[in-house]
Amino acid sequence: MRVSLIAMGLLAKELGTPEYQMDLPEGACLADLYDRIDAEMADRLPLSLWNRGEKRFRGAVVLISGSKVIRNADERLFDGQEIKVFKVVVGG
Amino acid sequence: MGNALMGYAGNYLSINLSTLTGSSGSIDRDLARNYIGGTGIAARLLYDGQKAGLDPLSPESMVIIATGPLTLNSIPGGGSVELCFKSPHTGAWSEARAGSDFGPDLRRAGFDYLVIQGKAPRPVYAYISDGRVEFRPAEHLAGKLVSEKMELIRKEIPKGNSSIACIGPAGEHGVTYASVMFGDRAAGRTGAGTVLGSKNLLAIVVQGTGEVPIGRPEALKGLLKGYFNELRTNPVAIGFHDYGTIGDLGANDEKGDWPTRNWQSNSWGKGAELLDRFMKHNFIKPYPCYRGCTISCGRKVRVSEGQYATPEHGGAEYESISCFTAYVLNENMDAAVHATYLCNQYGIDSISAGASIAFLLECAEAGLLQDFDTGGLDLSWGNAEILPVLVRMIANREGIGALLADGVKKAAERIGRGSEKFAIHVKGLEGPAHDPRSGKSLAVSYGTGNRGMCHIHPVEAMAWDAGKMDWGLCRYGLPDPYEVDRWAESGKGAAVALMQNGLNLPEILGTCKFFMYAGVGVDKLAAMLSCVTDHDVSAEELLEVSERVINLQRLFNVREGFSKADDMLPERVCAVPAFGKYAHEPACGISDFPAMLQEYYEARGWDPVTGIPSDATLARLGLKK
Ligand code: SF4
């Protein structure tokens, strides 16, 4: 199945390419997507954004699909899903 | 209902501590229209009611504790309260906000604001409930930590919703940056706790059962339904909830927005790692600072074991943690969490405390402390063990702590020997943990912030310049942040004036500004205010009120002797970083700050030579010198 990862706002600017297609096995979950990001994109993601050792975003990165926030590693993904990735400013 | 001032409790309470009496009065309609509430009404009252040059620690000095018409539990960010006074730390205009139920509860008790003057003959606390005030003896609270005071008070008041504001031992000992605590939340900066301590007022309790009249309740309900719905999927709201303010530790370090080693650099390279450590070992869960906050940016944290063991508490904010890590090169997150917890328990501002310690370490390194007894402490960079020790010493004004208890400006005056170049402050207020070298508009905000080098009002400049946020202000003239180069200096002055007008509104309306970050921008604030007060107000009109308030605060400072020279930044803050990621980046320095200020003065309609609001500007805003 194929999932689109869409970098939003500032993140799109920083990465240069706003949209990434990820092919994942049927029934894949967020943890599988993270494995794929780690394998294919990690060298383009800054240290503050991606934890290589633990294969996950770090800091204030928010993933939203439709009107649903995706947080849990075991969350099931689906074919054709569009996941928007936001890097947000939270430091007060 | 015909004569009621919609959106207001309708009354204020004047407290005279010298006579232990209180008297109430009605809110003036013109005051409410022209200044709305919060820091707006407070600026007018302080300017008119307190004579220039008054010692802020004298009995005559005023502390105004103010809410705004949007200070309601049902409004996004409506759990806010503002403390306004002349700062004993800086001598300038001062305001300190805290998120809590205190504001809404004060209005339920019948008052939109309190005016506190005088000095009680002995320690007291004020119990305000349903239109009345009572002064209760507080000798038994003296010297107690904040949580101990609150626990004792809770046993003495009727059950039910109530809120407590209280000072810690630091306020009683005259530390000039003592805070007022609202549970785990602080009105931290510039010494509100010092002023209350000087008045022998150790705490204020508010409890009420009244309701604030709402002009158009059904229309408001409709608006709120839509706003809260949008907030559910707003990425910034989710980011604040999931990560808290500390969530930017790594990103700020990376973009050069993390003052390090007493501002010698703006990056350290350890932010992401420290954040990971915090999330794994210290973070427990998010929590809201008032009943109804849907964002809940607060963090419940702890240190479960070891020498820095700390019970579960609300804390570990970005600013506090930065000042006890990067500022002092401390890599021990447990020690940072513990030290910031102590700041809240003793009631001192964690930013000024951490910044003062960083200053001390640099003075020690440079060999400038021969004339001072440092108590045998190893004042080396990165020594985590001294952090809690120094916090206690500051709060109790013990040993070298007494030197730091008045902040870096006064400490440098006492030490001499060129130490002033290590004292990072504007108008006497220590710098917070955002670095203008990597987002130049912040430089103008730091210079011109009426309370000094402040982490509340100027910080949006960095969020616009480097974070590309706009709060819906582009429609009112703010340049599109995506078209702006964060390293450029030109064009930033005018943008800052507009951002200040916009982002000061939460302080005037009585809300939390993080909701503006999460999409509740100027238009929505205007719409809610119109419903609450039953008086239509546009976003443009709101921005003008804010401009009026900023100008009035500026006049307050001018009257207190502040001038254009006090808008300048410390040399180090303009210099290319001495080490770190941006050490060899010439654009990461501020080359012509006076030109940036000039742009700002022009945009504000202030005299370019003196920095004082021109007569034409004052006339346009309905102000007089
Ligand atoms: S967002 Fe944070 S600071 Fe603002 S009201 Fe909610 S909990 Fe308090």
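As the structure is a computational prediction, the values presented were derived from the model and not from experiment. (Residues numbered from 1 in each chain as written. Chains lettered and ligands numbered in written order. Predicted model: local features only at pLDDT ≥ 70, side-chain atom pairs only at ≥ 80, totals over all residues. Heavy atoms only, no water.)

K.L.:
Is there a simple way to think about the pattern of salt bridges in this case?
P.N.:
A side chain of one charge can pair with a side chain of the opposite charge if their charged atoms are brought near each other. All names here are of chain A. This model, assessed by the stated rule, comprises 40 salt bridges over all chains. A salt bridge links Arg 2 to Asp 23; the nearest nitrogen and oxygen atoms lie 2.9 Å apart. Taken as a pair, Arg 2 in strand β1 (residues 2-7) and Asp 23 in strand β2 (residues 19-23) lie far apart in primary sequence, 21 residues in all. Using a relative accessible area of 40% as the deciding quantity, one classes Arg 2 as partly exposed. (Salt bridge = Lys/Arg side-chain N within 4 Å of Asp/Glu carboxyl O. Helix = DSSP H or I, 4+ residues; strand = E, 2+ residues; numbered from the N terminus. Buried < 20%, exposed > 50% of the residue type's maximum accessible area, 1.4 Å probe, protein only.)

K.L.:
Just to check I follow, could you spell out the packing of helix α19 (residues 492-503) of chain B against helix α25 (residues 593-604) of chain B for this structure?
P.N.:
In a pair of packed helices, the angle between the axes and the distance between the axes together describe the arrangement. Residues and elements named next belong to chain B. In contact at an axis separation of 7 Å, α19 and α25 are set at 50° when each is read in the N-to-C sense. Taken as axis vectors, α19 and α25 run oblique relative to one another. The two elements α19 and α25 meet at a crossing, and its hand is right-handed. Residues Lys 492, Gly 493, Ala 494, Val 496, Ala 497, Gln 500 and Asn 501 of α19 pack against Met 596, Glu 599, Tyr 600, Ala 603 and Arg 604 of α25. (Axes fitted to C-alpha atoms, helices over the stretch in contact; angles between N-to-C directions. Parallel < 35°, antiparallel > 145°, perpendicular 65-115°, else oblique. Left-handed = near helix turned anticlockwise from the far one by under 90°. Contact = heavy atoms within 4.5 Å.)

K.L.:
Help me out: how do you make sense of the packing of aromatic side chains in this one?
P.N.:
Residue and element names in this part refer to chain B. A full pass over the atoms with the stated rule returns 18 aromatic pairs over all chains. Here Tyr 12 and Tyr 113 contribute two aromatic rings whose centre-to-centre distance is 5.2 Å and whose plane-to-plane angle is 5°, an arrangement assigned as stacked. Residue Tyr 12 is found in strand β1 (residues 11-16), and its partner Tyr 113 is found in strand β6 (residues 113-117); the two are separated by 101 residues along the sequence. A relative accessible area of 5% means that Tyr 113 is categorised as buried. (Phe/Tyr/Trp six-rings, centres within 6.5 Å; stacked < 30°, edge-to-face > 60°.)

K.L.:
What should I look at first to understand unusual backbone geometry in this one?
P.N.:
What you tend to see is this: most non-glycine residues have negative phi, and most peptide bonds are trans. Positive phi outside glycine occurs at Lys 55 of chain A, with the angle close to 50°. Within the secondary structure, Lys 55 of chain A sits in the loop between β3 (50-51) and β4 (56-57). With a relative accessible area of 35%, Lys 55 of chain A lands in the partly exposed category. Phi is positive for Lys 468 of chain B, which is not a glycine, with a value near 60°. Within the secondary structure, Lys 468 of chain B sits in the loop between α18 (459-465) and α19. Residue classification places Lys 468 of chain B among the buried positions, given a relative accessible area of 14%.

K.L.:
What's the story with the site of the ligand in this structure? I'm lost.
P.N.:
All names here are of chain B. In the region of the ligand, the neighbouring residues are Arg 185, Pro 288, Cys 289, Tyr 290, Cys 293, Ile 295, Ser 296, Cys 297, Cys 512 and Phe 514. In this structure the site holding the ligand corresponds to the largest cavity. Split by residue class, the shell around the ligand holds eight nonpolar, one polar and one charged. (Near = heavy atom within 4 Å. 1 Å grid on protein atoms, 1.4 Å probe; cavity = no way out; pocket = protein on both sides within 12 Å on 5 of 7 lines; lining within 4 Å. Sits in = over half its atoms within 2 Å of the grid points. Nonpolar A, V, L, I, M, F, W, Y, C, P; charged D, E, K, R; others polar.)

K.L.:
Hey, could you run me through empty space enclosed by the protein in this one?
P.N.:
Rolled over the atoms, a probe sized like a water molecule indicates the empty space that remains. Residue and element names in this part refer to chain B. In the structure shown here, the tally under the stated rule is seven cavities of 30 Å³ or more. For the largest cavity, the calculated volume is near 710 Å³. Looking at the largest cavity, it is lined by 43 residues, and the ones nearest its centre are Arg 97, Arg 185, Ala 186, Glu 317 and His 455. At the level of secondary structure, the elements contributing two or more residues to the lining of the largest cavity comprise β5 (93-99), β11 (185-187), β15 (310-315), α11 (318-323), α12 (333-346), α13 (350-365) and α21 (514-517). Of the residues forming the lining of the largest cavity, the biggest block, four residues, is contributed by β5. Here the lining of the largest cavity is composed, by residue class, of 20 nonpolar, 14 polar and nine charged. By volume, the second largest cavity is sized at about 100 Å³. What lines the second largest cavity is simply Trp 93, Glu 95, Thr 448, Gly 449, Asn 450, Arg 451, His 457, Gln 500, Asn 504, Ile 550, Gln 553 and Tyr 600. Elements with a contribution of two residues or more to the lining of the second largest cavity: β5 and α23 (539-559). (Points joined across faces, edges and corners; volume = space filled by probe spheres on them.)

K.L.:
What should I look at first to understand the interface of chain A and chain B in this one?
P.N.:
The figure often quoted for interface size is the accessible area lost as the parts come together. At the interface, 24 residues of chain A touch 31 residues of chain B. Summed over both partners, the interface of chain A with chain B buries about 2300 Å², with 60% contributed by carbon and sulfur atoms. At the boundary of chain A and chain B, one finds four salt bridges. Among the ionic pairs, Glu 54 of chain A bridges to Lys 280 of chain B, the shortest N-O distance being 2.4 Å. Between the two partners, chain A and chain B, sit eleven residue pairs in polar contact (both at pLDDT 80 or more). Elements supplying a minimum of two residues to the side of chain A that touches chain B: α1 (9-15) and β5 (61-65) of chain A. Partitioning the side of chain A that touches chain B into residue classes produces twelve nonpolar, seven polar and five charged. (Buried area = accessible area lost by both parts, 1.4 Å probe. Polar contact = N/O pair within 3.5 Å; in protein donor to acceptor, adjacent residues only side chain to side chain.)

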